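Report on the structure
Read off the chains here:
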Amino acid sequence: MNKSEPKRTNSSPEGEIAGARSRVAALRLIDAVLRQGQRLDTSVIHATRNLTLPEDRALAIAIATEVLRHLPDLDALIDSATEKQLPQDVKARSVLRLALTQALILGTPPHAAIATALPLVLGGPRRLVHGVFGTLIRRGAMLPEIPTLPAEVVTRWTKAWGPEAVADAARAIAAPPPLDLALRDPNETRLEGEELASGHRRLPRGLSVIALPGYAEGRFWVQNIAAQIPVPLLGKGNGRTVLDLCAAPGGKTMQLAAAGWNVIAVEQHSGRIQRLRENLSRTALAADIVEADVMAWEPPAPVDAIMLDAPCTATGIFARHPDVLHRIGAKDIASLSALQGRMLARAVRWLKPDGCLVYATCSMEPEEGEEVIAASGLTVDPVSAHELPLGLVPAPEGWVRILPKPGLDGFFMARLKQK
């Protein structure tokens, strides 16, 4: 066997290049997002069904994620090396994206990257793929340090937040974010790391969460610092009752329980409820879990407070989930904005007369934040600057808009009361 060829192993079918199945799975993931509009995380089970080793599955996810993180720049390279531009949805383009991502980002030797890519176009334009890839490698092709955001996203966010915010967003997606932890006990001293807010620790990315001291004892859970900010706006529970609506995977449920609230966590998806139960069990925190659709369910009695982390486009968490940059469009934003308005109008009726509700979305779209609140007719209970970490400042209207920066997700939140 030529030394430049990826080796074939006894664990693969005869004649199969080692790692080929991971590339097939990565191609399925890219196709699921770009052609079918599916979420990357929910496509993983089907796309990686033929992978038995955890490291093969992790490689497939890593390849697909980096393709989506750098997609406009990968396409610009490909287009620079072809006389006739390839259609966006043709397999040859997707295979080239995959091969270039391995060679230029993940450190795969170019001969191995192309050798594992070419079987994906059997019966197709193998010479084209090989030629374009070889041309770019010989040219010394590189990707920019700061990725280019999709044109539609740039247009939308520039209109909403301005060019500086878009530049910050591009810097935020340049690399996977650090590891943020929420602490069960804000006075925890055994876990090292950078403390950016009460009850928070930040560690470098790449660490194994389950290997960290205190994981098995449930002393913390993973939660971006932006997502940790809404719950403290409700204050300490002192045994009062709060509804956590759309509760899974449970970060805010655990925050509420740790803050002394009697939590009723409502979630309609059974698979997500299982994850919520596991998180509560590990952290030894308690909540009453209700499997129900918020739009069809009613609480047995009025409550003191409500945490509504509403279903949204999740465009604010693009640094960890770059697929949202390519899946979400105007129709998705409009549909979810309408749902959020209906959900908020329904939920606020469940408050006691002196109760308050915190509405939050991990979205960059004003239609899912500011515009929902402005149309709600509810009274904003203004958030003060001393309630916020990181030097964040509330908007003049009293709500909080967090624009993304490296290590910080985009978020919106507002504390509300009935008139």
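The coordinates are above.
What counts and how
- Residues numbered from 1 in each chain as written.
- Predicted model: local features only at pLDDT ≥ 70, side-chain atom pairs only at ≥ 80, totals over all residues.
- Heavy atoms only, no water.
- Axes fitted to C-alpha atoms, helices over the stretch in contact; angles between N-to-C directions.
- Helix = DSSP H or I, 4+ residues; strand = E, 2+ residues; numbered from the N terminus.
- Parallel < 35°, antiparallel > 145°, perpendicular 65-115°, else oblique.
- Contact = heavy atoms within 4.5 Å.
- Nonpolar A, V, L, I, M, F, W, Y, C, P; charged D, E, K, R; others polar.
- Core = buried A, V, L, I, M, F, W, Y, C linked by side-chain atoms within 4.5 Å.
- Buried < 20%, exposed > 50% of the residue type's maximum accessible area, 1.4 Å probe, protein only.
- Salt bridge = Lys/Arg side-chain N within 4 Å of Asp/Glu carboxyl O.
- Disulfide = S-S within 2.5 Å.
- Arc of directions from axis to C-beta.
- Pairing = 2+ DSSP bridges.
- Phe/Tyr/Trp six-rings, centres within 6.5 Å; stacked < 30°, edge-to-face > 60°.
- Lys NZ or Arg CZ within 6 Å of the ring centre and 35° of its normal.

1. Comments concerning the packing of helix 3 (residues 54-69) against helix 5 (residues 91-104)
At a minimum axis separation of 9 Å, helix 3 and helix 5 run at an interaxial angle of 100°. On the basis of their axis angle, the class for helix 3 and helix 5 is roughly perpendicular. On helix 5, the residues touching I63, E66 and V67 of helix 3 are R97, L98, T101 and Q102. Counted by class, the contact of helix 3 with helix 5 contains three nonpolar, two polar and two charged residues.

2. Things to note about the nonpolar core
With 55 residues, the main nonpolar core has W157, L234 and I402 as its most contacted residues. It is helix 9 (residues 163-172) that contributes the most residues to this core, four residues altogether. If near-sequence neighbours (up to four positions away) are discounted, W157 is found in contact with L149, G162, V166, A169, T315, F318, L325, M364 and E365. Ranked by size, the runner-up nonpolar core spans 40 residues in total, among them V44, L71, L74 and L143.

3. Looking at the pattern of salt bridges
The final tally for this structure, using the stated rule, is 24 salt bridges. Its salt-bridge partner being D41, residue R39 comes within 2.6 Å of it at the nearest N-O pair. Under the relative-accessibility criterion, R39 is labelled partly exposed at 38%. Taking relative accessible area as the criterion, D41 reaches 37% and is therefore assigned partly exposed. Close ionic contact of K352 with D304 constitutes a salt bridge, the shortest N to O distance being 3.2 Å. Taken as a pair, K352 in strand 8 (residues 351-361) and D304 in strand 7 (residues 303-309) lie far apart in primary sequence, 48 residues in all. Exposure remark for K352: the relative accessible area of 32% places this residue in the partly exposed category. If you follow the salt bridges from partner to partner, you end up with D75, D79, R93 and R97 in one network.

4. Things to note about the state of the cysteines
All chains considered together, the criterion is met by zero disulfides. With no disulfide partner, C246 has as its closest neighbouring cysteine sulfur the one in C312, 10 Å distant. No disulfide involves C356; its sulfur sits 18 Å from that of C246, the nearest cysteine.

5. Some words on helix 2 (residues 40-47)
Buried within helix 2 we find L40, S43, V44 and A47. With its buried residues spanning 125° around the axis, helix 2 presents them on a single face. Within helix 2, the exposed residues directed more than 90 degrees away from the buried face are T42, I45 and H46. Buried residues along helix 2 sit in contact with helix 1 (20-34) and helix 3.

6. Details of the sheet that holds strand 3 (residues 220-222)
Spatial strand order, 2-1-3: three strands in an open sheet with antiparallel pairing. Edge positions in the open sheet fall to strand 2 (200-203) and strand 3, since each of these has one partner strand only. The average angle at which neighbouring strand axes cross in this sheet is 30°, direction not considered. Where strand 1 (residues 179-183) lies against strand 3, three bridges are found, and the strand directions are antiparallel. Within strand 3, the position partnered with L183 by the bridge is F220.

7. With respect to the packing of aromatic side chains
Under the definition given, this model contains five aromatic pairs. With centroids separated by 6.1 Å and ring planes inclined at 55°, the aromatic side chains of Y215 and F220 adopt a geometry described as tilted. Judged by relative accessible area, which is 0%, F220 ranks as buried. Ring plane angle 90° and centroid distance 5.6 Å describe the contact between W297 and W350, whose orientation is recorded as edge-to-face. Taken together, the positions of W297 in the loop between strand 6 (288-291) and strand 7 and W350 in the loop between helix 14 (330-347) and strand 8 put the pair 53 residues apart, joining distant regions of the chain. Every member of this aromatic cluster is reached through a ring pair, and the members are Y359, W399 and F412. In this arrangement the basic side chain of R282 is found over the ring face of Y215, its NZ or CZ atom lying 4.1 Å from the centre.

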